[in-house]
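Each chain, letter by letter, is given below.
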Amino acid sequence: LAEFLYLEDVLNSLYKLLHNYSTTTALPPAASIFAIADFEKALALKPSARSVQRQLVRLEMLLGNYDKGIDYCHQMLEKDSTDAIAYRLLGNCYYSKRQFDNAYMGYVKAYSLTPEDFSTVDAFSTLLIEEKDYQGALEMTERYREKDTRTAVGPELHWCQQVVQG
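Residues numbered from 1 in each chain as written. Predicted model: local features only at pLDDT ≥ 70, side-chain atom pairs only at ≥ 80, totals over all residues. Heavy atoms only, no water.

Considering all chains together, one arrives at four aromatic pairs under this definition. Look at Tyr-95 and Phe-100: their rings are 5.3 Å apart centre to centre, the planes differ by 40 degrees, and that puts the pair in the tilted class. Classification of Tyr-95 as buried rests on a relative accessible area of 19%. On the basis of relative accessibility, which here comes to 14%, the residue Phe-100 falls in the buried class. Ring geometry for Tyr-104 against Phe-124: centres 5.4 Å apart, planes inclined by 75 degrees, an arrangement best described as edge-to-face. Residue Tyr-104 is located in helix 6 (residues 100–113), and its partner Phe-124 is located in helix 7 (residues 118–130); the two are separated by 20 residues in the primary sequence. (Phe/Tyr/Trp six-rings, centres within 6.5 Å; stacked < 30°, edge-to-face > 60°. Buried < 20%, exposed > 50% of the residue type's maximum accessible area, 1.4 Å probe, protein only. Helix = DSSP H or I, 4+ residues; strand = E, 2+ residues; numbered from the N terminus.)

Structural data, given as structure tokens:
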């Protein structure tokens, strides 16, 4: 257990490092291979570790391996069909592939399980805006903001509001 916990911390740090690096330049192939191998090692130590599975999906998305991310999401959902984060990540993978119908299904399920989760509301409303459902995006974010007034509304939602109001 101690080895797994240590490895989990290392992997979370590695993911953050790779994510920050990828926003400025392409990831070096060797770093990608080692990162995935380390995540798979952690899963071998503890196959039920959802945090590691989720980070592996995020890493695969970061590398553009959306189909692998989708496969990992389906594996997580086979074990727990109420995993809202897995549904959101599934939606994110499909969104990145521009498969909006499939993304919509993932986001609907995630939202039905955790309507108070900002990441789900943000991803889902982004998809609705992409699909030009400005009213739906506004209604969803307004329901969220009724519960959490601390979260700022992005400029795209102010734009939606102007479109809806004419």
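Under the counting rule described, the total for this entry stands at six salt bridges. A salt bridge links Asp-83 to Arg-54, with the shortest nitrogen-to-oxygen separation between them at 2.9 Å. Residue Asp-83 is found in the loop between helix 4 (66–79) and helix 5 (84–96), and its partner Arg-54 is found in helix 3 (residues 50–62); the two are separated by 29 residues along the sequence. Of the two residues, Asp-83 and Arg-54, both sit in the buried class. (Salt bridge = Lys/Arg side-chain N within 4 Å of Asp/Glu carboxyl O.)

What follows concerns helix 3. The end-to-end C-alpha distance of helix 3, which contains 13 residues, comes to 18 Å, matching closely the 18 Å that a straight helix rising 1.5 Å per residue would cover. Following helix 3 by one or two positions, Gly-64 has its phi on the positive side, about 85 degrees. (Expected span 1.5 Å × (residues − 1).)

Together, Asp-101, Glu-131, Asp-133 and Glu-139 line one region of the surface with negative charge. Tracing the backbone shows Asp-101 in helix 6. (Patch = residues over 30% accessible without salt bridge, like charges linked within 9 Å, V, L, I, M, F, W, Y side chains within 5 Å. Areas by Shrake-Rupley, 256 points an atom, 1.4 Å probe, with all protein chains shown as cover. Lys, Arg positive; Asp, Glu negative; His and termini not counted. Charge placed at Lys NZ, Arg CZ, Asp CG, Glu CD.)

Nonpolar side chains in soluble globular proteins tend to end up buried together. With 30 residues, the main nonpolar core has Val-57 and Tyr-107 as its most contacted residues. Take this core: its biggest share by element is seven residues, from helix 5. Not counting residues within four places of it along the chain, the set of residues in contact with Val-57 comprises Gly-69, Tyr-72, Cys-73, Met-76, Leu-89 and Cys-93. (Core = buried A, V, L, I, M, F, W, Y, C linked by side-chain atoms within 4.5 Å. Contact = heavy atoms within 4.5 Å.)

What follows covers the packing of helix 6 against helix 7. Helix 7 packs onto helix 6 with a crossing angle of 145 degrees between their chain directions and a minimal axis gap of 10 Å. With respect to the hand of their crossing, helix 6 and helix 7 are arranged in left-handed fashion. Mapping the contact onto sequence places Phe-100, Ala-103, Tyr-104, Tyr-107, Val-108, Ala-110 and Tyr-111 in helix 6 and Thr-120, Val-121, Ala-123, Phe-124, Leu-127, Leu-128 and Glu-130 in helix 7. (Axes fitted to C-alpha atoms, helices over the stretch in contact; angles between N-to-C directions. Left-handed = near helix turned anticlockwise from the far one by under 90°.)

Counted according to the given criterion, the structure contains zero disulfides. In this structure Cys-73 is not part of a disulfide, and its nearest cysteine sulfur, from Cys-93, lies 4.7 Å away. Owing to a relative accessible area of 0%, Cys-73 belongs among the buried residues under this scheme. (Disulfide = S-S within 2.5 Å.)

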